[in-house]
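Chain residues, written in single-letter form:
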Amino acid sequence: MHIPVLLREVLEGLQVRPGGVYIDATVGGGGHAAAILERSAPDGRLLGIDRDPEVLERARERLRPFGERAILVHGSYAELRRIAVRYDFLEVDGILFDLGLSSWQLSDPHRGFSFQIEGPLDMRYDPGHGIPAAEIVNRWPEKQLAEVIRRYGEERFARRIARAIVRNRPIRTTTELAELIARVVGRGREDQHPATRTFLALRIAVNEELQALEQALPQAVSLLRPGGRLAVIAFHSLEDRIVKAFFQRESRDCLCPPQVPVCTCGHRATLRLVTRKPIRPSEEEVQINPRARSARLRIAERLEDPTRIVRGVLGR
């Protein structure tokens, strides 16, 4: 059963209200979407987007009781504005990004996301597009492979792992790769498998996740009405840094270096920070849903007047 992370905090942060118009840019299993539709009843609308056609079908079934109030689209949030325009979701009240991997994706051995279940080295959200992880593992040069593991997985043993992968090619399954990494770097921390960071890095590279997020955030802001809110749940530091930097930049009126006496950039703030620090799940939620442990929620609000200077930040 899919359990939506930080559900109460998301609903409160987005200020979901009856009749509101919302976008769930990563609809996944539909947990957040269903709660948004319930709270926005009787006539609130939601546009749900997901790259994974199998997960989207699960969401479609879950959201079927809401009828025409829920519109689900197979696509990437990197094309958020194009999709929103096509389905007339402009001037929306709230947009949510839940950047985590669903439990269904992890538990399906054919998708290759988990190092605990034997499966093919795939890791694509959309199996019909892009290159599978096997292409990177078995064909990319050692230097390029090491850079991917180091940059996206923040793995200090990236060179050692890349060297071992190249020497042991071809590697055909998830468990084969995970066992190789464990032999190379040792078991390490008890609470984290030594292959965790490498699998994360491969998944990010395969799906171009960070590039898509950087493209999507400005589009999301452009779709919000004044006073509308943008909420993003990140699960690892690279995603959270991108969101934090974007929110901070868009909450400032000038981006010129401090040594420049007069503003020449012409930038005007578009957002007000609602959360100074990310909202983390409670201990109770983590006990119920261990997947929530690394979740970090940030929220920002579209400014009424983009030219005004932002003064003050609401924190938790």
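Residues numbered from 1 in each chain as written. Predicted model: local features only at pLDDT ≥ 70, side-chain atom pairs only at ≥ 80, totals over all residues. Heavy atoms only, no water.

Here 7 strands make up an open sheet; going across it, the order is S3-S2-S1-S4-S5-S7-S6 and the pairing mixed. The strands lining the two open edges of the sheet, one partner per strand, are strand S3 (70-74) and strand S6 (271-273). Strand after strand, the sheet turns through a mean of 20° between neighbouring axes, direction not considered. The pairing of strand S1 (residues 21-24) with strand S4 (residues 92-98) spans 3 bridges and is classified as parallel. The residue bridging isoleucine 23 from the neighbouring strand is isoleucine 95, located in S4. Across the sheet, helix H2 (residues 31-39) touches S1, strand S2 (45-50), S3, S4 and strand S5 (224-234), and the angle it forms with S2 is around 175°. (Pairing = 2+ DSSP bridges. Helix = DSSP H or I, 4+ residues; strand = E, 2+ residues; numbered from the N terminus. Axes fitted to C-alpha atoms, helices over the stretch in contact; angles between N-to-C directions. Contact = heavy atoms within 4.5 Å.)

Between helix H7 (residues 142-153) and helix H10 (residues 196-207), the least distance of the axes is 8 Å, while the angle of their chain directions is 100°. Classified by the angle their axes make, H7 and H10 are roughly perpendicular. For the pair H7 and H10, contact is made by Val148, Ile149, Tyr152 and Gly153 and by Arg197, Thr198, Leu200, Ala201, Ile204 and Ala205, respectively. Looking at the contact of H7 with H10 residue by residue, the classes come out as 7 nonpolar, 2 polar and 1 charged. (Parallel < 35°, antiparallel > 145°, perpendicular 65-115°, else oblique. Nonpolar A, V, L, I, M, F, W, Y, C, P; charged D, E, K, R; others polar.)

Turning our eyes to something else, we now look at the packing of aromatic side chains. The geometry of an aromatic ring pair is captured by two quantities: the separation of the ring centres and the angle between the planes. Inspection of every chain in the model, using the stated rule, returns 4 aromatic pairs. Between tyrosine 77 and phenylalanine 97, the aromatic rings sit 5.4 Å apart at their centres with planes inclined by 80°, giving edge-to-face as the arrangement. In this pair, tyrosine 77 sits in the loop between S3 and helix H4 (80-86) while phenylalanine 97 sits in strand S4, placing the two residues 20 residues apart along the sequence. The class of tyrosine 77 is buried, set by a relative accessible area of 10%. With a relative accessible area of 0%, phenylalanine 97 lands in the buried category. In this arrangement the basic side chain of arginine 45 is found over the ring face of phenylalanine 89, its NZ or CZ atom lying 4.3 Å from the centre. One residue, arginine 58, lies across the ring of tryptophan 104, its end atom 4.5 Å from the ring centre. (Phe/Tyr/Trp six-rings, centres within 6.5 Å; stacked < 30°, edge-to-face > 60°. Buried < 20%, exposed > 50% of the residue type's maximum accessible area, 1.4 Å probe, protein only. Lys NZ or Arg CZ within 6 Å of the ring centre and 35° of its normal.)

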